[in-house]
Amino acid sequence: FETSSEHLLIRASTMGKDNKREAVNTADTLGMSATERILKRIHELYEKGLNPGSDGSVGLLSIAADPLLQLKIYKPRKKVNVMLIGNHSAGKSSFINWYIGESVQTTGVAIETRGFTFVTSGRKRDTLKGDATFAFYDHINGLSKFKGISENVFTEISTSKDRNFSCVDLVDSPGLVDGEMEYPFDVTESIVFLADHVDLILCFFDPIGQALCKRTMRTIERLNEHHAEKLAYYMSKADQVEKEHDRQRVLIQITQNLAGRIKNSHAFKLPTIYLPRDDLAVPIPNALEEVCDDIDKAIRLTVQKNLTTMRDDCDAIVAEIVKARELNGRRRRDNASATAKGWALMVFGWTVLASLFYVAVLEACATKPVTTALRTHALPALAAQPVFRDLVEGLLPDGGRRWFGVEHGGAMVMGVLAVTFLIIQFVKSRVWKLSPTMTKRDAKRLTGHETYVKEVKAVREELYKEYFKQIHDNA
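These figures come from a predicted structure and were not determined experimentally.

Q: Could you clarify how one ought to interpret the packing of aromatic side chains in this entry?
A: Note on aromatic pairs: each is described by the distance of the centres and the angle between the planes. The full count for this structure, using the stated rule, is 14 aromatic pairs. When the centroid spacing of 5.0 Å and the interplanar angle of 85 degrees are considered together, the rings of F136 and Y137 count as edge-to-face. The buried category is assigned to Y137, whose relative accessible area is 3%. Measuring from centroid to centroid gives 6.1 Å for F204 and Y234, while their planes differ by 85 degrees, and the two rings are edge-to-face. Residue F204 is located in strand 6 (residues 200–205), and its partner Y234 is located in strand 7 (residues 231–235); the two are separated by 30 residues in the primary sequence. In this structure F204 comes out as buried when scored by relative accessible area, which is 1%. Relative accessible area serves as the criterion here: at 1%, Y234 is assigned to the buried category. Pairwise contacts between aromatic rings join F95, W98, Y99, F204 and Y234 into one cluster. For the cation-ring pair, R163 lies above W98, with the distance from its terminal atom to the ring centre recorded as 3.8 Å.

Shown next, in the form of structure tokens:
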């Protein structure tokens, strides 16, 4: 149980009220929205602890991984992941450009997007490819198992702060088409894999293009198997169908094709959306803000989920600490019992061994040369010392009365004693086994962890208050 990880030793006793940490800094100081600040703070508590950058500050991940606990927890992501799927030219890339207020994705009628592009916010405009993307998003590293996908995964880092982009990672998927179009990787299975790692999936259907293509429908059917609650459906580019009855016909066709493939059909809705424009002759219903609302809802749910996860992880760590102490107590009691039994068997073994030695001496003295030597030389020399004389006489044969007259009785007794001694040694080796127990340093470290985790839970409560305050202010 001893460990060399000195940096994990938490000096909780030195944490006074004067060093009480604040749950969050002001938004003005960090230049972040309250939601972004809460998500970032939760992420920091897992990775860096209460005081990021200071000595002795450790995150929940390090505490859970302590050899005394060996608890596996996972850090919540500090951004919401939203994946866009649909047929080619459905407007996925255009929506991303509009949402972030920057043209980072190529758009057009041609099949521009043949791979996955992760669009995220950062301090500097940059583009990452293949392995760099997998390193940046370590939670999707399993995506690299799909043959041919590494060369078709990119990350676009934008400095935009529009809407809630700072809290969102947008994933632009390949446009889905039928026919002879070949992808360099299994596009459907790749989308299904990524669905495990995203919080929201926006399905765009192009009324002019291949909205009803089999590949799109097959992919949606697969996603509905395990991720029906993540899916939201939209008919994009609605402004390209100016007549109401034409739009309704397309909506009916899409709905009919989806009916047998989706699980939450009772809550199904298919709003029409298009990018804002001022030259429309006739107003067309545009639910574009609903898409933003869906993303904002996913962000709010993620904040709640992360706060709940942090509480559960803190409780799990404290419970594991209690279990470690209980286990240590049981081991100490078992060790004490094993030690007592071991000493008893050792004393018994020594007694048997002494008896074996005594019988061996008797048998040696019973041999003719030794008997003659003792009678001829030893006994006369001990005439003046009756005690020793009697002792030596007791070692001499007694005319066949020893061992109840059994021939070779001494050898038999020696054999029994030898076997008994070996059995005692074997039993002792099985019984006298000590389990490892905590050192005083280990116990102190656990106490420090427990105090530290309780402080993290207090910070979580402050974050919850901050979250509720934000909801109240925005109401």
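Picking up after the structure, the text goes on.
Q: What am I meant to see in the pattern of salt bridges here?
A: Between side chains of opposite charge, a pair can form when the charged atoms approach closely. One pass over the full model with this rule turns up 24 salt bridges. Note that E44 is salt-bridged to R41, the shortest N-O span being 3.5 Å. Of the two residues, E44 and R41 both sit in helix 2 (residues 34–47), three residues apart, roughly one turn of that helix. As far as burial versus exposure is concerned, E44 and R41 are alike and both buried. Across the salt bridge formed by D199 and R77, the nearest N and O atoms sit 3.9 Å from each other.

Q: So what exactly am I meant to see when it comes to helix 6 (residues 187–195) here?
A: Since one α-helical turn is 3.6 residues long, residues separated by three or four positions face the same way. Counted residue by residue, helix 6 has eight buried out of nine residues, so it is predominantly covered. Along helix 6, the positions that sit buried rather than exposed are V187, T188, S190, I191, V192, F193, L194 and A195. On its buried face, helix 6 is in contact with strand 1 (80–86), strand 2 (116–121), strand 5 (168–172), strand 6 and helix 7 (214–226).

Q: Is there a simple way to think about the pairing of strand 1 in this case?
A: A regular strand places its side chains so that they alternate between the two faces of the sheet. Buried residues dominate strand 1, accounting for seven of its seven residues. On strand 1, burial covers both faces: V80, V82, L84 and G86 on one face and N81, M83 and I85 on the other are all buried. Sheet topology places strand 1 next to strand 5; five bridges connect them, and they run parallel. Bridge pairing in strand 5 links V82 to L170. Looking at chain direction, strand 1 and strand 6 are connected through five bridges and run parallel.

Q: Help me understand the packing of helix 6 against helix 7, please; the structure alone is not making it clear to me.
A: The packing of two helices is summarised by the inter-axis angle and the distance between the axes. Orientation of helix 6 relative to helix 7, taken along the N-to-C sense of each, is 30 degrees, at an axis distance of 10 Å. Accordingly, the angle class assigned to the pair helix 6 and helix 7 is roughly parallel. Here the hand of the crossing between helix 6 and helix 7 comes out right-handed. Residues V187, T188, E189, I191, V192 and A195 of helix 6 lie in contact with helix 7, whose contacting residues are R215, T219, R222 and L223. Of the residues assigned to the contact of helix 6 with helix 7, the class counts are five nonpolar, two polar and three charged.

Parameters at a glance
Residue numbers here run from 1 along each chain, matching the order of that chain's written sequence. Residue-level local features of this predicted model are given only where pLDDT is at least 70; pairs of side-chain atoms are given and counted only at 80 or more, and the full residue set underlies all totals for whole chains, interfaces and linings. In computing side-chain values, all of the structure's heavy atoms are included and hydrogens and water are not. Pairing of aromatic rings covers Phe, Tyr and the six-membered ring of Trp, with a centre-to-centre limit of 6.5 Å; geometry is then stacked below 30 degrees between planes, edge-to-face above 60, and tilted otherwise. Only protein chains enter the accessibility calculation, which uses a 1.4 Å probe. A residue is then buried if its area is under 20% of the maximum for its type, exposed if over 50%, and partly exposed in between. The secondary structure listing takes helices from DSSP runs of H or I that are at least 4 residues long and strands from runs of E that are at least 2 residues long, numbered from the N terminus. A positively charged side chain is recorded as over a ring if its NZ (Lys) or CZ (Arg) lies within 6 Å of the ring centre. The angle to the ring normal must also be within 35 degrees. Note on definitions: salt bridges are taken to be side-chain nitrogens of Lys or Arg within 4 Å of carboxyl oxygens of Asp or Glu. Whether two residues touch is decided by their heavy atoms; if any such pair falls within 4.5 Å, the residues are in contact. For two strands to pair, DSSP has to find at least two bridges joining them. Lines fitted to C-alpha atoms define the axes here, with helix axes fitted over just the stretch in contact, and angles between the N-to-C directions of these axes take values from 0 to 180 degrees. Should an angle fall under 35 degrees it is taken as roughly parallel, and over 145 as roughly antiparallel, whereas 65 to 115 is taken as roughly perpendicular and any remaining angle as oblique. Should the near helix be turned anticlockwise from the far one by less than a right angle, the crossing is termed left-handed; should it be turned clockwise, right-handed. Three classes are used, and their members are as follows: Ala, Val, Leu, Ile, Met, Phe, Trp, Tyr, Cys and Pro are nonpolar, Asp, Glu, Lys and Arg are charged, and the others, Gly among them, are polar.

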